[in-house]
Amino acid sequence: MKHYDKVTPDGTRDLLFDECVSREEVVSRLTAMFRSRGYRQVITPAIEFYDVFGSSAAHFPQENMYKLSDTHGRLMVVRPDCTIPIARLVATRLTGMPMPLRLYYCENVYRVEHTMRGKPSEIYQTGVELIGSNSLRSDLEIVELAASGLSDINGESFRIELCHIGYFKALIDSLDAGADTKEAIRQCIEQKNYPALSDLLAPFGDSRAAAALGYLPRLFGGEEVFGKAYELFSENGALECLDYLHGLYEDLRQLGLEDRVIIDLGLVNQAEYYTGLIFRGYFDGIGEPVLSGGRYDNLLGEFGAPLSATGFAVNIDPAAQVVGEPDPQTPDILVFSDERHLPEAVNYIKSLTENGLVAENCVYDDFDAAADYARRRGIRQLHVVDDAIEVVDVETLKGEGAR
Ligand SMILES: N[C@@H](Cc1c[nH]c[nH+]1)C(=O)O
């Protein structure tokens, strides 16, 4: 029988020292920013009933969720997303609160990764949800907050791609095709698979919607994208969606974000709860998105509380790659004592740490072993607690009365 006792499950990994520090750094910068804008933290369980994710609307395909059963045999999932449990939480416990609600979270999500491309299944995210407002103001707040957060981590080296899913919906709804074909078209647009897309659209001849869908992956860039998109298709609600996105883009330009924000009308994410704005954030040199978000005005209604909402989540690990070399976490002092002075040594460590130093307790009984450990660990000072404190410089092993 094959044993799996020395490996971690597919898509997961252990994180060591510096990686933990970089993670914490990203989380603390972002969450401090969220709090400074009035967002408050919530924590939802890591496991939820399957029905939360898999009921009528089924925003996540069941094959992408980790499942287990509880003691009553009921089907559970390990949360694949934070936004859906927050919709459940708000709808069941917070509808009496003054709206809008500003919530943030910092949690792992788990998504089964079938591609075998080494993508993670366990994704640590921090994000915000602004619930109870359907105005442009709230989308502007959210996109600006995303930009401020990315800039706080990586200066000017980021970009945000913006889309309005309503434009795609207007096009696809104008096409006389079955649900499977529509989903196949969406996937080709998302993956910018031009040959397969034109094959799928060929049966629709010279329909304007089909022509616009074929062009969608190329509707990418700045202001000029709007001109082209209006020209390609403006019926069936498309005009209103483009106007909305255009207004938002103008406001972001006035905020000085013109060079950071890109319009990408081909951004047709899989998470089907988006109803309006969709956006993604990238860092220069990091291939995967570090941030994703958008407006979801129907999700809370599925839980019985018809409230509009918008938000985003940052994937911490790709973001942590850019925060720079963390502090090597070497203690300042190793504190050594003989057995008779153990309590004094413990108190001495406490007094050092109260003064902002990092002091480690030595577990060895003999001085040479302590000095050897300090050298290997890069600790420069060894403090020997006896009737008095003796300070020994580890590099030279010289000090007052060094032996
Ligand atoms: N939950 C989404 C991000 C999001 C937050 N709010 C809205 N969208 C994701 O993981 O991609």
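The structure reproduced in this document is the subject of the present report. This one's a predicted model, so the numbers in the text were calculated from it and none came from an experiment.

The rules we used
- Residues numbered from 1 in each chain as written.
- Predicted model: local features only at pLDDT ≥ 70, side-chain atom pairs only at ≥ 80, totals over all residues.
- Heavy atoms only, no water.
- Helix = DSSP H or I, 4+ residues; strand = E, 2+ residues; numbered from the N terminus.
- Rg over C-alpha atoms; globule rule 2.2 N^0.38 Å.
- Buried < 20%, exposed > 50% of the residue type's maximum accessible area, 1.4 Å probe, protein only.
- Phe/Tyr/Trp six-rings, centres within 6.5 Å; stacked < 30°, edge-to-face > 60°.
- Lys NZ or Arg CZ within 6 Å of the ring centre and 35° of its normal.
- Contact = heavy atoms within 4.5 Å.

## Here's the deal with the overall build of the protein
A count of helices and strands for the protein gives 14 helices and 17 strands. Rg of the C-alpha trace for the protein: 27 Å, well past the compact-globule value of 22 Å for 403 residues, more than 25% over. C-alpha extents for the protein along the principal axes are approximately 90 × 55 × 50 Å. Counting across all 403 residues of the protein, residues that qualify as buried make up 46%.

## A look at the packing of aromatic side chains
All told, the structure shown has 8 aromatic pairs when counted by the stated rule. On the numbers, 5.9 Å between centres and 55° between planes, the contact of Phe-34 with Tyr-104 is tilted. Residue Phe-34 is found in helix α1 (residues 17-36), and its partner Tyr-104 is found in strand β5 (residues 101-110); the two are separated by 70 residues along the sequence. A relative accessible area of 3% means that Tyr-104 is categorised as buried. Positioned over the ring face of Tyr-39 is Arg-102, at 5.9 Å from the centre of the ring. The side chain of Arg-218 reaches across the aromatic face of Tyr-215, ending 5.8 Å from its centre.

## So, the environment of Ala-320
Inspection of the secondary structure assignment puts Ala-320 in helix α12 (residues 316-320). For Ala-320, a relative accessible area of 11% puts it in the buried group. In this structure, the C-alpha to C-alpha distance between Ala-320 and Cys-20, residues 300 residues apart in sequence, is 9.1 Å. Sequence-distant contacts of Ala-320, that is, excluding residues within four places in its chain, are made with Ser-22, Arg-23 and Val-26.

Read these as layout, nothing more, since geometry by itself doesn't imply function.
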